[in-house]
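Analysis of the macromolecular model
The residues making up each chain are set out below.
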Amino acid sequence: MNFARQLQSKAVSFPRLRGGYRAYLSAVTAALMVASAAGIVAADPVYLNLSDVANRRLEDDAVAGNGEGGWSDEGANDMFIYPPVQHGDVTRNGHHFRLAKPTPERPNTIIMLRGKALPHLPAKVKVAAPNALGKYIYFLQNMSRTPGGIAGDATVARYTIHYADGSSESLVLQAGRHLRHWWTGSWWDNSGADSWPIFMGQSAYSSKWKQYIGVWAMRWVNPHPDKAITGITLASEGLSLPAIFAITIDNEDYHAGEQLKADFKRPADAPIGYFDAKLAKEREQVFEAMGKLKMIQGVRGVEVIAPDLLAVTLDAWVARGPGAGEAQAAAMQLPQTFTISVNGSQATHPRRVGRLSYEHWNGDIGPFKQNVVYWHTYYLELGKPLPAGASCEVSVAGIEAPFNGSAALRFDPGAVVTRAIKVNQVAYSDLAQRRYAYLGWWAADLGPVNYDLFTRFRVINEATGKPVHQGSITLRTDDDKLSGERVYEMDLSPLKAGAYHIAIDGLGRSSRFAVGGEGIADLYRQTNRAYYHQRAGAALTEPYTTFTTALHHHRMTKSGRVAGDDHQGTPEDPVKTFRGGYHDAADFDVFTYHLRATAQTLAAYEMLPKAFGDGDLNIPESGNGVPDVLDEAHWALMAYLDLQHEDGAVPLGRGNAQDAQRDYVRQHGASPPYGILPPTTTSSAEYAAVAAQFARLIKRYDSARAQAYLASAKRAFAWAQANTQSGDQAQRAGKLLRTWAAGELYATTSDAADHQAFKDLYHDGGYKGYHYTYAVNLPTFMGAYVRCNHSDVATDIRDDLRGELTRRAAEIIKKTDEPAYRVGFGARDRGFGWGTLNGGGHYANLLLLAHHLTGEQRFLDAASLNADFQLGCNPLSKTFITRMGDRPPRHPQIAAYLYTGPVKTGDAVPGITIYGLADRKLSWYPQDVPPWRRWRDLGNGGAEVSSEFTITETIGASSMLYGMLYGLSSAR
């Protein structure tokens, strides 16, 4: 620390020199005079002047790829961030820099070096450092536009110190360590002294992905602090674009200082409208692109919510492009904006207007990345109800050609489908003795819709057009805070197998629905085919799917890179090829915990083996004489059989350069060989359990395969028993999964040693003390033993487990009946998401196991009610499985090659169960959206909690649920 800063620090300690402070000051002055006479700058810090060599501005000109402007020539995707990068003398996190201030004469303030994206930039720049001394050199920097396929630790730059005596020293800079990409996942991401956060914030673009922009300080320990430095050469390797903001030479070790975390905190969010001016020019371009893609049409349609309430939906015309367009939407929420004509009579305006503005879609629009598109539904309260048979036209002021400014409808209650009547849009179970439909709607800031005038309903047979059932519409909840509705119900329990719709005179009809039959079979097929569409190491081809794709992410280099056209491997970095397992959503990671889903499917098969056949699922293995669900299970397991170590250990999976692999790199400084993540107790035990289960079931069809998997399972279990993990939660998880594995091995072998291992683990608390997130998997973990009928089974243990499972299932029944819309989550208004409030198998799997064990109808009924919620009996009147029902998810977060984009929305691969409702704040209007209406159908990022899915959490649950309902129905 220099002398002036010592005086400011209030922590000055003067040496005890003869003569006191005056003598000390004289000595310091003399030393400075000697250094000055030698032409050496000894005072620190020394701020190097970048202005003379700076070649780039922090901001671009808002037009991407035009070769003009600044930063990385990506338009609005630049360093205009909040909080903004400061200029002048700056102290942050104990680091001191001087950042050049832009002026009209010198707008460039940083040095950016050549990369593949901008090859015209200089490959190297030399910065003068006139005879500076210092122990440390600090670089304020980041990099942008990293080309695909480079190693996570690739050399991206080389810096050289030049000393006054003619010597030099160089430092190789690695990606992710010394030079970090400017877009970073978390505001705290760092590499210690090699990259310490200085400026962190969000840009107009990064905020779309909930990511941060970063500028970091790198400390270079000067190899020769006694030598005067005359300059520093900054050289790029021509890959990424290194950007250097400032350079400081100092004797103080900033990274060891007490102020290292003075500004180490989450950056504040940008004020509303902060990026509006920045995006104005781009918005004009995006609007034009949206028009060409037919994404902006104006009025999208009008529907009847009640005879005196219409809903008119407008698209992004309101905002004139992407974004909420709140000011424009609010300005339109006036009666005079809307003109209503009925049967050609004199036009009128509505009495009141309500509004729901919501995120409809997000993704790339031409070259413009990740734009959120809002739609707006206006609720028009009429002066008097529409008469049946009336022709109605709604016009919206201000919308002119070529956009649609009006929409018309004919109010035919017998033919017009209304979302207010909620049914299972695919198929109710024909075995359930409890079935309901619901009536209700929330008209945004107009509140709940009152349907008290409608007291009767009829069920119409789709084949004959004749009524087969009628009943009363009863009020279930008059003020449901969860849905925002006044909720009514209709009892459908008397219906037999067939196809139907509900008709309510004077209001409308429901979507078509079935009871049993082909609808149940289709649910089984599509939810199980979801596995096939997520296969790793497989090309998806016709005739098995129309969503075809070539092989991808199946070859990895030893350095952990995905091998592809731009990197085929080298003798020093060889390539391995992998097959088997599944990808999650848009991720390419492959993990052993996916096998819990496979175990659920195998459990359904084991309980109802006659229901599942060869050829059911139209997969490449169909026709080989083995039931398709067993063939699919083999695909899941083969990945880990191939990866298993000689000592039995089973790796956690393959990282494929995504989340888990990045975490490994952070911990170890390099990727694991071939991206294969190390074995754990849990990964080995989990594999052992499912491999043993599969061996038990495949034996009838392929004894050699059964023997191979059983032997593999035994080795994996032995390794897991001998290699327990440290840490309380890890130990508990490991014990839980080892208990499961021992139970599966015993069920398969009836071997006394396997049985003893299970009993020992059970009595040691194997099923206790686990993390709450494992609770949903208890039917899987306990299933083999509770279903086991070996002669020496410990009936006391089995009975205890059965009692525990049926007790938990009875609790789910109670919770299912609590809310107005029946579902196992119960009547809670918070704490839901990631699949806990989409109904379906998340709750039904335990109920179906309880039904299998006891034969009690109440468990089957509750399981069916949870399926009904997932398939349309919910406040949104939507299903949570792609391509199933009239109103399925249209934009699931899924791998790009299976996602068709904004033009062909709704064409996503069928059978994918998404997470569903989520307790998250929405950037919608009104702000107080009722909790159980909070679902964002946005698949390309930012709505993972609602529209993503995983093999473990949703695919396996639906596979078992609809496989069981199908199996039970077909076995009747």
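For every chain, the first residue of the written sequence is number 1, and numbering continues from 1 onward in sequence order. Per-residue local features are limited, in this predicted model, to residues with pLDDT of at least 70; the limit for side-chain atom pairs, both in listing and counting, is 80 or more; totals at the level of whole chains, interfaces and linings are taken over all residues. As a rule here, side-chain values come from all non-hydrogen atoms in the structure, and water together with hydrogens is ignored.

1. Remarks on the sheet that holds strand S17 (residues 338-342)
Strands pair in a sheet through their backbones, by hydrogen bonds, and they do so in one of two ways: parallel or antiparallel. Here, any two strands with at least 2 DSSP bridges between them count as paired. Runs of H or I in DSSP of at least four residues are treated as helices and runs of E of at least two as strands, each being numbered from the N terminus. Strand order in the open sheet formed by three strands is S17-S20-S21, and the pairing between neighbours is antiparallel. Of all the strands in the sheet, the pair left with one neighbour each is S17 and strand S21 (406-410). Each strand axis lies, on average, 15 degrees off the axis of its neighbour in the sheet, ignoring direction. Two elements, strand S20 (residues 391-396) and S21, share five bridges in a ladder whose sense is antiparallel. Bridge pairing in S21 places Ser395 opposite Ser406. Orientation is described by lines fitted to C-alpha atoms, with helices fitted over the stretch in contact, and by angles between N-to-C directions that extend from 0 to 180 degrees.

2. Quick word on the pairing of strand S7 (residues 136-144)
Each residue gets one of three labels from its accessible area relative to the maximum for its type: buried under 20%, exposed over 50%, partly exposed in between, using a 1.4 Å probe on protein chains only. Taken across its nine residues, S7 has nine buried, putting it largely inside the fold. Side chains Tyr136, Tyr138, Leu140, Asn142 and Ser144 of S7 all project onto a buried face; the interleaved residues Ile137, Phe139, Gln141 and Met143 project onto the opposite face, where all are buried too. Pairing between S7 and strand S12 (residues 212-221): six bridges, direction antiparallel. The partner of Tyr138 across the bridge, within S12, is Arg219. Two strands pair when backbone bridges link them, and S7 and strand S14 (residues 241-250) are joined in this way by nine bridges, in the antiparallel orientation. Within the sheet, the bridge partner assigned to Tyr136 lies in S14 and is Asp250.

3. Focus on the packing of helix H7 (residues 628-643) against helix H9 (residues 681-698)
Viewed as axis vectors pointing N to C, H7 and H9 meet at an angle of 140 degrees, and their least axial separation amounts to 11 Å. The angle between H7 and H9 places the two elements in the oblique class. At the point where H7 passes H9, the crossing takes the left-handed sense. Only Tyr687, Val690, Ala691, Phe694, Leu697 and Ile698 of H9 make contact with H7, whose side of the interface consists of Leu630, Ala633, His634, Leu637, Tyr640 and Leu641. For classification purposes, an angle smaller than 35 degrees is called roughly parallel, one larger than 145 roughly antiparallel, one from 65 to 115 roughly perpendicular, and anything else oblique. The crossing is said to be left-handed when, going from far helix to near helix, the turn is anticlockwise and less than a right angle, and right-handed when the turn is clockwise. Whether two residues are in contact is decided by their heavy atoms, any of which lying within 4.5 Å being enough.

4. A word on the sheet that holds strand S8 (residues 155-163)
The antiparallel open sheet is built from four strands, whose spatial order is S6-S13-S8-S9. Edge positions in the open sheet fall to strand S6 (124-132) and strand S9 (168-174), since each of these has one partner strand only. Strand-to-strand, the axes of this sheet are offset by a mean angle of 15 degrees, without reference to chain direction.

5. Comments concerning the environment of Arg596
Mapping Arg596 onto the fold places it in helix H6 (residues 595-607). For Arg596, a relative accessible area of 11% gives the class buried. Between the alpha carbons of Arg596 and Glu686 there is a distance of 7.7 Å; along the sequence they are 90 residues apart. Those residues in contact with Arg596 that sit more than four places away from it in its chain are Glu686, Trp740, Tyr774, Asn777, Thr780, Phe781 and Thr952.

6. Some remarks on the packing of H9 against helix H11 (residues 728-749)
Close contact between H9 and H11 brings their axes to 8 Å; oriented N to C, the two are set at 20 degrees. With respect to H11, the element H9 is oriented roughly parallel. The handedness of the crossing between H9 and H11 is left-handed. From H9, Thr681, Thr682, Ala685, Glu686, Ala688, Ala689, Val690, Ala692, Gln693 and Arg696 reach across to H11, where they touch Ala733, Gly734, Leu737, Arg738, Trp740, Ala741, Glu744, Leu745, Ala747 and Thr748. Tallied by class, the residues present in the contact of H9 with H11 amount to eleven nonpolar, five polar and four charged. Nonpolar residues are Ala, Val, Leu, Ile, Met, Phe, Trp, Tyr, Cys and Pro. Charged residues are Asp, Glu, Lys and Arg, and all others, Gly as well, are polar.

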